[in-house]
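Commentary on secondary and tertiary structure
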Amino acid sequence: MISARRGYLTMAVRKRQYLEMAVDMALSLREWSRLPIALATDEALRTRAEALPPGVFHEITLVEPRFLRGRAMKYGAALASPFQEAIFIDSDCLVLSPPDPIFQMAGPGPLTFIAEVLNPEDDRNHQGFSTRHLMQRLQLSRYFKSHSGAFHLRRAGAIPLMEACLECYINEILPLRSLFRPWRFLGDELGFGVVGGRRGFDAFQGPSPIFWGKEILELNPEAPLRPILHFIGPVPSLTLEHLLEGVRRRRREVGLPEEASVAIWRAEAGHPGPWTLRPER
């Protein structure tokens with residue numbers, strides 16, 4: 001592992017499309033930060049990742065197989081991180097402005113998320129669940145309603161907390177499928193929500209580093225208000241084309257096929273067409 005104290009971490013497992021997006025996320029990040037970038041991957045993608053040009057990732061690590069159950073992959077991020085302190089950014093993101101200030105926005109604890117802390121009298125929809133119902137069913141006094149597209153971790157303290165998230169996901173979250181959501185995946189944010197409520201994870205101070213809902217529709221990529229665009233909703237066509245020009249340029253500069261990920265991003269942005277199928281989730 002490299003010796004840098006701070007760096008960025010992303011993840012791509014199981015499918016090539018996630019690696020292609022991780023490459024583009026990392027290349028966009030390199031335009032705004034000089035900190036090292038690591039990729040956490042699995043054996044299925046390891047050879048392909050190691051064949052990438054050296055300018056994409058500073059280091060490639062493996063996610064332990066026990067974290068590859070369902071949507072539990074991110075619980076392996078702390079153990080896979082080569083940095084004492086890291087910002088994790090999802091592969092389906094592009095970085096549009098300097099992200100390094102996110103380190104200063106993090107709380108003092110091992111894990112900091114974009115989140116709100118809910119009490120039993122509160123009720124929100126979180127990944128299709130009523131948070132009030134979850135708190136009642138799991139006997140929680142607090143629920144940590146979080147978004148895991150970008151989060152901060154301090155490795156030493158985060159490892160046991162992520163282990164607790166994995167245990168919670170397997171023993172408490174996955175059993176909810178048979179009762180409530182047999183047709184859908186159960187996301188990692190549910191485990192973060194339960195354990196974060198129990199253990200008191202931190203929430204970022206200040207404005208969110210990720211664009212939300214209507215902000216994506218109004219995004220001006222030449223003057224972004226936030227550093228990270230997470231492709232969690234439709235992106236307007238003109239904005240998308242501007243972003244794809246940057247994707248192509250950065251790939252060309254490091255010697256990668258510039259069209260290799262374009263169809264993937266179009267589908268992620270809500271513009272699937274005859275050229276592609278929407279990537280599997």
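Scope of this entry: the structure provided in the associated data block. (Residues numbered from 1 in each chain as written. Predicted model: local features only at pLDDT ≥ 70, side-chain atom pairs only at ≥ 80, totals over all residues. Heavy atoms only, no water.)

So, about the environment of Arg226. If you trace the backbone, Arg226 turns up in the loop between helix 9 (213-217) and strand 11 (228-230). Here Arg226 falls in the buried class, since its relative accessible area comes to 16%. The spatial distance from the C-alpha of Arg226 to the C-alpha of Phe67 is 31 Å, given a sequence separation of 159 residues. Once residues lying within four places of it in the same chain are set aside, the contact partners of Arg226 are Leu96, Ser97, Pro207, Ser208, Pro209, Ile210, Phe211 and Glu215. Looking at Arg226, its side chain comes within polar contact range of the main-chain oxygen of Ser208, at 2.8 Å. Reaching out from Arg226, the side chain makes a polar contact with the side chain of Glu215 at a distance of 2.6 Å. (Helix = DSSP H or I, 4+ residues; strand = E, 2+ residues; numbered from the N terminus. Buried < 20%, exposed > 50% of the residue type's maximum accessible area, 1.4 Å probe, protein only. Contact = heavy atoms within 4.5 Å. Polar contact = N/O pair within 3.5 Å; in protein donor to acceptor, adjacent residues only side chain to side chain.)

This brings us to the sheet that holds strand 9 (residues 143-154). Ordered in space as 3-2-1-4-9-6-10, the seven strands form an open sheet in which the pairing is mixed. With partners counted over all chains shown, the strands left at the sheet margins are strand 3 (59-62) and strand 10 (202-203), one partner each. Both strand 6 (residues 111-118) and strand 10 contribute to a ladder of two bridges, which runs parallel. Bridged to Thr112 within strand 10 is Asp202. (Pairing = 2+ DSSP bridges.)

Moving on, we come to the pattern of salt bridges. A complete count under the given rule lists 23 salt bridges for this structure. The salt bridge involving Arg198 is made with Glu172; its shortest N-O contact spans 2.8 Å. Of this pair, Arg198 sits in helix 8 (residues 188-199) while Glu172 sits in helix 6 (residues 155-173), placing them 26 residues apart in sequence. Note on Arg198: relative accessible area 41%, which makes it partly exposed. (Salt bridge = Lys/Arg side-chain N within 4 Å of Asp/Glu carboxyl O.)

Interhelical geometry of helix 1 (residues 16-30) versus helix 10 (residues 237-254) gives an angle of 90 degrees and a closest axis separation of 10 Å. Relative to helix 10, the element helix 1 is oriented roughly perpendicular. Here Glu20, Val23, Asp24, Leu27 and Ser28 of helix 1 lie close against helix 10, whose contacting residues are Val247, Arg250, Arg251 and Val254. (Axes fitted to C-alpha atoms, helices over the stretch in contact; angles between N-to-C directions. Parallel < 35°, antiparallel > 145°, perpendicular 65-115°, else oblique.)

This brings us to the packing of aromatic side chains. Counted according to the given criterion, the structure contains 11 aromatic pairs. When the centroid spacing of 4.8 Å and the interplanar angle of 15 degrees are considered together, the rings of Phe88 and Phe151 count as stacked. A residue pair is termed long-range when its members are at least 10 positions apart, and Phe88 in strand 4 (residues 85-89) and Phe151 in strand 9 qualify at 63 residues. Taking relative accessible area as the criterion, Phe151 reaches 0% and is therefore assigned buried. For the pair Phe113 and Phe144, a centre-to-centre distance of 6.0 Å together with 85 degrees between the ring planes defines the contact as edge-to-face. Of this pair, Phe113 sits in strand 6 while Phe144 sits in strand 9, and the two are 31 residues apart along the sequence. Assessed through its relative accessible area of 0%, Phe113 is described here as buried. Site record: aromatic cluster; members linked through ring pairs are Tyr75, Phe88, Phe113, Phe144, Phe151, Tyr169, Phe192 and Phe201. (Phe/Tyr/Trp six-rings, centres within 6.5 Å; stacked < 30°, edge-to-face > 60°.)

In short, the description is geometric, and any link to function would need to be established separately.
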